[in-house]
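Chains, contacts and geometry: an overview
Each chain is listed here by its residues.
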Amino acid sequence: MKIIKKGFWFLVVVFIIAQFFRPERNEGDLQSINAFLAETNPPEDIQIILKESCYDCHSDVTRYPWYNHITPVNYWLAHHVKDGKKHFNMSNWEGNSIKRKDHKLEELIDMVKHKDMPLNSYTWTHSEAKLSEAQIKSMVDWANMVRLKYSLEPVPE
């Protein structure tokens, strides 16, 4: 019994000390998304979906919930954001080729259609991010229109 009590207090002390160590936060500004918005020209309903369901993990603009102040949760969230930006980053849109942009939108369509995005772990705490069938259709239609625009642009040699 004594060893369990010592183990418990050891874990409490480790947990408290861990609170002083935090990952880097993803806190850019909304201007980093302007190039993406200007080029893809999403209608207002799509802009709302992007803001509520995508920006936190797929741009330099993350709204952190209160529980991000708790270690190790903050490391888990930081990993999700880093991984999300690696796959699709609206803040880094301008530097990509037309071919890459088209491919990223193709992936977006696939992920949204199959309800792989937004992640279930995200929608548990952000219920407004869960997409309805109508929102999924709107997102897919918009992304397909942008892809069509890209297919009509001349490819630089």
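Okay, so let's go over this structure. Keep in mind the model is a prediction, meaning the values are calculated, not measured.

Okay, the packing of aromatic side chains next. What the rule picks out here adds up to five aromatic pairs. With centroids separated by 5.2 Å and ring planes inclined at 75°, the aromatic side chains of F8 and W9 adopt a geometry described as edge-to-face. Between the aromatic rings of F36 and F88, the centroid separation amounts to 6.2 Å while the plane-to-plane angle is 90°, which identifies the pairing as edge-to-face. Of this pair, F36 sits in helix 2 (residues 34–40) while F88 sits in the loop between helix 5 (73–87) and helix 6 (98–113); the two residues are 52 residues apart in sequence, bridging distant segments of the chain. Across the pair, exposure class does not vary: F36 and F88 are buried alike. Through successive ring pairs, a cluster of aromatic residues spans F36, F88, W93 and W142.

Because an α-helix completes one turn every 3.6 residues, residues spaced three or four positions apart along the sequence face the same direction. An ideal rise of 1.5 Å per residue puts 21 Å on 15 residues; helix 5 measures up with 22 Å between its terminal C-alpha atoms. Every buried residue of helix 5 is listed here: N74, L77, V81 and G84. Buried positions in helix 5, seen along its axis, are confined to an arc of 90° and lie on one side of it. Looking at helix 5, the residues exposed on the side facing more than 90 degrees away from the buried face are H79, K82 and K86.

For the pair helix 6 and helix 8 (residues 133–152), interaxial distance at closest approach is 9 Å and the crossing angle is 160°. Judged on the interaxial angle alone, helix 8 and helix 6 are roughly antiparallel. As for the relative orientation of helix 6 and helix 8, their crossing is left-handed in sense. Taken together, the residues of helix 8 that come into contact with helix 6 (itself represented by I98, K101, D102, L105, E106, L108, I109, V112 and K113) are I136, M139, V140, A143, N144, V146, R147 and Y150. Broken down by class, the residue content of the contact of helix 6 with helix 8 amounts to 11 nonpolar, one polar and five charged.

Between its first and last C-alpha atoms helix 6 spans 22 Å; for 16 residues at 1.5 Å apiece the expected length is 22 Å, and the two agree. As for helix 6, its buried residues are in contact with helix 2, helix 5 and helix 8. In the stretch just after helix 6, K115 is the one whose phi turns positive, near 60°.

To continue, consider the pattern of salt bridges. In total, this model carries eight salt bridges according to the counting rule given. Of the charged contacts in the structure, one is a salt bridge between D60 and K85, with a shortest N-O distance of 2.6 Å. Residue D60 is located in the loop between helix 4 (55–58) and helix 5, and its partner K85 is located in helix 5; the two are separated by 25 residues in the primary sequence. Its salt-bridge partner being E107, residue K104 comes within 3.3 Å of it at the nearest N-O pair. Separated by three residues within a single helix, K104 and E107 lie in helix 6, roughly one turn from each other. You can call E107 partly exposed: its relative accessible area is 30%.

Rules used throughout
- Residues numbered from 1 in each chain as written.
- Predicted model: local features only at pLDDT ≥ 70, side-chain atom pairs only at ≥ 80, totals over all residues.
- Heavy atoms only, no water.
- Phe/Tyr/Trp six-rings, centres within 6.5 Å; stacked < 30°, edge-to-face > 60°.
- Helix = DSSP H or I, 4+ residues; strand = E, 2+ residues; numbered from the N terminus.
- Buried < 20%, exposed > 50% of the residue type's maximum accessible area, 1.4 Å probe, protein only.
- Expected span 1.5 Å × (residues − 1).
- Arc of directions from axis to C-beta.
- Axes fitted to C-alpha atoms, helices over the stretch in contact; angles between N-to-C directions.
- Parallel < 35°, antiparallel > 145°, perpendicular 65-115°, else oblique.
- Left-handed = near helix turned anticlockwise from the far one by under 90°.
- Contact = heavy atoms within 4.5 Å.
- Nonpolar A, V, L, I, M, F, W, Y, C, P; charged D, E, K, R; others polar.
- Salt bridge = Lys/Arg side-chain N within 4 Å of Asp/Glu carboxyl O.

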